[in-house]
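# Descriptive structure summary
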Amino acid sequence: MSAHTKPTPASAKKVRVHHLAAAKERGEKISMLTAYDAVTATLLDASGVDMLLVGDSIGNVMHGHTTTLPVTVDDMIPPARAVATATKRALVVVDLPFGSYEAGATQALATGVRMMKETGVAAVKLEGGTRVAAQIRALSDAGIPVVAHLGFTPQSEHALGGHRVQGRGDEAAEVLADDALAVQEAGAIAVVLEMVPVEVAARITEILRIPTIGIGAGGQCDGQVLVWTDMAGMTDWTPRFAKRYAELGRALQQAAEEYVADVKKGTFPDEAHSFLE
């Protein structure tokens, strides 16, 4: 571990599934960020974040895809294992990628079992409402905690017509609420609400027993999640709903420029960074 990395205290209480429900009951907000590697997971875990999501957003953020659709189960397992291994406190969740659960409960259970056995995560996440209730039930009955995902669901972006706010209008809002109740009834431990009108997200939060985790869904959700590279300012552009808490991308580029300049000038490595007889 780097000397600059603050370790998670040994006394830090591990976040478990029942702590999420307890937080909702107390009115305590839940924090969640994505992570895709051990170094980042260690830093974020030490920050006190409650949940880390190994999202299929790795396809966009790390693999250079324009959507999450190309991501496979084999793509997800190494980063999920790395994050779970590095994390001491936060509850680690991994996405089930597109094509790994849509066929039905049997396929979802097989994928979920493989994720749990090969990565060490604490829960899985999948997209959809009523249409995936059977999959959520099969996973939950097998002892695999499930986080649901409603609203704008990136794996369905072509069917949804692109990155569009979901749940606008009375009928759409009612469908979204019905989906939320369906995933709760199926056994989901929490539900992500992405790009949903504030009033709709607030209503769903009110009617559910399980926590809602918002992303572009307003501040009345029980918690919030962001892609860590958006939160930290690693790219030139961030979504409207993502606050940039730092400009790490600019800092990283500047550090690299200084390194390149030192190498070109021959000032690195110097005696302090060399082994002498």
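These numbers come from a predicted model, not from an experiment. (Residues numbered from 1 in each chain as written. Predicted model: local features only at pLDDT ≥ 70, side-chain atom pairs only at ≥ 80, totals over all residues. Heavy atoms only, no water.)

## With respect to the overall build of the protein
Note the threshold: Strands here mean DSSP runs of E at least two residues long; helices mean DSSP runs of H or I at least four residues long; both are numbered from the N terminus. With the radius of gyration taken over C-alpha atoms, the globule rule is written as 2.2 Å times the number of residues to the power 0.38. The buried label applies to any residue whose accessible area, calculated with a 1.4 Å probe on protein chains only, is under 20% of its type's maximum; exposed applies above 50%, and partly exposed to all values in between.
In terms of regular secondary structure, the protein is built from eleven helices and eight strands. Relative to a compact globule of 277 residues, whose C-alpha radius of gyration would be 19 Å, the protein shows 20 Å and is just as compact. Along the three orthogonal principal directions, the C-alpha set of the protein runs to about 70 × 40 × 35 Å. By the burial criterion, 49% of the 277 residues in the protein qualify as buried.

## Side note on the UniProt feature "active site" (unreviewed entry) in the protein
How we decide: UniProt positions are given in the numbering used here, feature names are shortened, and annotations may be inferred rather than shown by experiment. Contacts between residues were defined by any pair of non-hydrogen atoms, one from each residue, lying within 4.5 Å.
Feature annotation in UniProt places "active site" (unreviewed entry) on Glu194, given in this structure's numbering. Inspection of the secondary structure assignment puts Glu194 in strand β6 (residues 190-194). Given the relative accessible area of 10%, Glu194 is considered buried. Once you skip the residues sitting within four places of it in the chain, Glu194 turns out to touch His149, Leu150, Gly151, Phe152, Pro154 and Ile215.

## Some thoughts on the nonpolar core
Spelled out, the test is: To define a nonpolar core, start from buried Ala, Val, Leu, Ile, Met, Phe, Trp, Tyr and Cys residues and group those joined through side-chain atoms within 4.5 Å.
Counting residues in hydrophobic clusters, the biggest one holds 58 residues, and the most contacted among them are Leu52, Ile136 and Leu193. In terms of residues, this core owes the most to one element, helix α4 (residues 73-86), which gives seven residues. Beyond its immediate chain neighbours, meaning those up to four positions away, Leu52 contacts Leu33, Ala35, Ala41, Leu44, Val83, Thr87, Ala90, Leu91, Val92 and Val93. By size, the runner-up hydrophobic cluster in this structure holds 17 residues, among which are Ala123, Val192, Ile213 and Ile215.

## Looking at the domain arrangement of the protein
Interfaces are often sized by the accessible area lost when the parts come together. To keep it simple, the criterion reads: Domain delimitation follows an automatic or database domain assignment. Defined in terms of a 1.4 Å probe, buried area is the accessible area two parts forfeit on being brought together, summed over both. What makes a salt bridge here is a side-chain nitrogen of Lys or Arg within 4 Å of a carboxyl oxygen of Asp or Glu, nothing more. Counted as a polar contact is a pair of N or O atoms within 3.5 Å, where, for protein atoms, one must be capable of donating a hydrogen and the other of accepting one, and residues adjacent in sequence contribute only when both atoms are in side chains.
In terms of domains, the protein is made up of domain 1 (17-246) and domain 2 (247-276). Residue-level contacts link five residues of domain 1 with five residues of domain 2. Overall, the association of domain 1 and domain 2 removes approximately 410 Å² of surface from exposure, summing both partners, and the carbon and sulfur fraction of that is 57%. When the buried surface of domain 1 facing domain 2 is broken down by residue, Met234, Arg244 and Ala246 rank first, second and third, together holding 74% of it. Counting across the interface, domain 1 meets domain 2 through one salt bridge. The partner of Arg244 in a salt bridge is Glu247, and the shortest N-O contact between them spans 2.7 Å. Inspection of the domain 1/domain 2 interface yields three residue pairs in polar contact (both at pLDDT 80 or more).

## Points about the side chain of Glu194
Using the following cut-off: This count recognises Lys and Arg as positive and Asp and Glu as negative, with His and chain-terminal groups excluded.
At 6.5 Å, Lys125 is the nearest oppositely charged side chain to Glu194, a buried residue that forms no salt bridge. Side chain to side chain, Glu194 and His149 meet in a polar contact 2.9 Å long.

## Topic: the pattern of salt bridges
Side chains that differ in charge, positive against negative, can pair when their charged atoms come close. Enumeration over the complete set of coordinates arrives at ten salt bridges. As a salt-bridge pair, Asp222 and Lys24 come within 2.6 Å of each other at their nearest N and O atoms. In this pair, Asp222 sits in the loop between β7 (212-215) and β8 (223-226) while Lys24 sits in helix α1 (residues 17-26), placing the two residues 198 residues apart along the sequence. Asp222 gets classed as buried once you look at its relative accessible area, which sits at 12%. On the basis of relative accessibility, which here comes to 16%, the residue Lys24 falls in the buried class. Among the ionic pairs, Arg203 bridges to Glu206, the shortest N-O distance being 3.5 Å. With Arg203 and Glu206 both in helix α9 (residues 198-207) and three residues apart, this pair spans about one turn of that helix.

## Details of the sheet that holds strand β5 (residues 146-151)
Adjacent strands of a sheet pair through backbone hydrogen bonds, lying either parallel or antiparallel. Applicable threshold: Note on pairing: two strands pair once DSSP finds at least 2 bridges between them. The convention used is that axes are lines fitted to C-alpha atoms, helices contributing only their stretch in contact, and that angles between N-to-C directions extend from 0 to 180 degrees.
Ordered in space as β1-β2-β3-β4-β5-β6-β7-β8, the eight strands form a closed barrel in which the pairing is parallel. Strand-to-strand twist in this sheet, taken as the mean axis angle between neighbours without regard to direction, amounts to 25°. Inspection of the sheet shows strand β1 (residues 30-34) paired to strand β2 (residues 51-54) by three bridges, in the parallel sense. Note on β2: the bridge partner recorded for Thr34 is Leu53.

## Examining the environment of Val263
Locating Val263 in the fold gives a position in helix α11 (residues 248-265). Under the relative-accessibility criterion, Val263 is labelled partly exposed at 38%. Between the C-alpha atom of Val263 and that of Thr212, which follows or precedes it by 51 residues, the distance is 50 Å.

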